[in-house]
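What follows is each chain in one-letter form.
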Amino acid sequence: GNETKKKKVDTKKKSDINDAKKKKPAKKPKKKKKEDENRELDEKKDNNKKKRRVNRDPQPGEPDGHGGLNQPAEFQIEYSTTSRATCKRCDTFIKKGSVRVAHRPLFRGKPGFKVYRHLQCAVFSEVTTHPSQIEGSDDLNDNDYELLEQRIEESQIEIQEEKKSLEPDELVPVTFQGEIRSPPKGLCAS
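The structure presented is a predicted model; accordingly, all values stated were derived computationally and were not measured. (Residues numbered from 1 in each chain as written. Predicted model: local features only at pLDDT ≥ 70, side-chain atom pairs only at ≥ 80, totals over all residues. Heavy atoms only, no water.)

A look at a negative patch on the surface
Together, Asp142, Glu146, Glu149 and Glu153 make up a negatively charged patch on the protein surface. Tracing the backbone shows aspartate 142 in helix 2 (residues 142-163). Accessibility expressed as a relative area gives 62% for aspartate 142, which makes it exposed. (Patch = residues over 30% accessible without salt bridge, like charges linked within 9 Å, V, L, I, M, F, W, Y side chains within 5 Å. Areas by Shrake-Rupley, 256 points an atom, 1.4 Å probe, with all protein chains shown as cover. Salt bridge = Lys/Arg side-chain N within 4 Å of Asp/Glu carboxyl O. Lys, Arg positive; Asp, Glu negative; His and termini not counted. Charge placed at Lys NZ, Arg CZ, Asp CG, Glu CD. Helix = DSSP H or I, 4+ residues; strand = E, 2+ residues; numbered from the N terminus. Buried < 20%, exposed > 50% of the residue type's maximum accessible area, 1.4 Å probe, protein only.)

Put into structure tokens, the structure is as follows:
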């Protein structure tokens, strides 16, 4: 009876050893996965470097992707996270949770600080003709997305009105037509 128990214990030990051997090779593919992930990351980095190289040498008249002189300011749209930002057009606070438009105007040929405006105060450039060209437009709800489309159309109209030529009569200085007062007492050039 004791010998059969020992044999059973021995067979259990052998099966445990075989199971342990089977488990060890399972760990190696994980290392291969990490190596594959590292290779993929390296390939992505190489691709990004290639893209950067392409962006460093733009053709004449093309934007350089870094706020160059030929590139209009890129717009971003988002919901305001705080109530501290001030609209640069109407000079009022942008309430928390309301839609705001951000862009970086050029300062001495380089992108400056981020500037915020209410959606109704923003004027988008001529290049911006569709909401998909604005970063963050996918995150807007349907109502705000429609307001953005409407504002882009209105911006195009505003830009066209600004470009209209002025009539010559508008350029003629108008003489002062208000009341002419006498100089204050004690002020005289002698």
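Following the structure, the description resumes.
Notes on the packing of aromatic side chains
Per the stated rule, a full pass over the model turns up one aromatic pair. Seen in terms of ring centroids, phenylalanine 75 and phenylalanine 124 are 5.0 Å apart; in terms of plane orientation they differ by 75°. Their pairing is edge-to-face. Note that phenylalanine 75 is positioned in strand 1 (residues 75-79) and phenylalanine 124 in the loop between strand 5 (115-118) and helix 2, a separation of 49 residues in sequence. Here phenylalanine 75 falls in the buried class, since its relative accessible area comes to 10%. The positively charged end of arginine 100 is found above the aromatic ring belonging to tyrosine 116, 4.0 Å away from the centroid. (Phe/Tyr/Trp six-rings, centres within 6.5 Å; stacked < 30°, edge-to-face > 60°. Lys NZ or Arg CZ within 6 Å of the ring centre and 35° of its normal.)

Concerning unusual backbone geometry
Positive phi, close to 60°, is recorded for aspartate 91, a residue that is not glycine. Using a relative accessible area of 64% as the deciding quantity, one classes aspartate 91 as exposed.

Quick word on the pattern of salt bridges
Going through the model one piece at a time under the given rule, you end up with five salt bridges. The partner of glutamate 158 in a salt bridge is arginine 89, with the nearest N and O atoms 3.8 Å apart. Pair noted here: glutamate 158 is in helix 2 and arginine 89 is in the loop between strand 1 and strand 2 (99-103), with a separation of 69 residues, a long-range link. Under the relative-accessibility criterion, arginine 89 is labelled partly exposed at 46%. Note that lysine 163 and glutamate 126 form a salt bridge whose closest N and O atoms lie 2.5 Å from each other. Here lysine 163, found in helix 2, pairs with glutamate 126, found in the loop between strand 5 and helix 2; they are 37 residues apart in sequence, far enough to count as distant.

Honestly, it's all geometry; don't read function into it.
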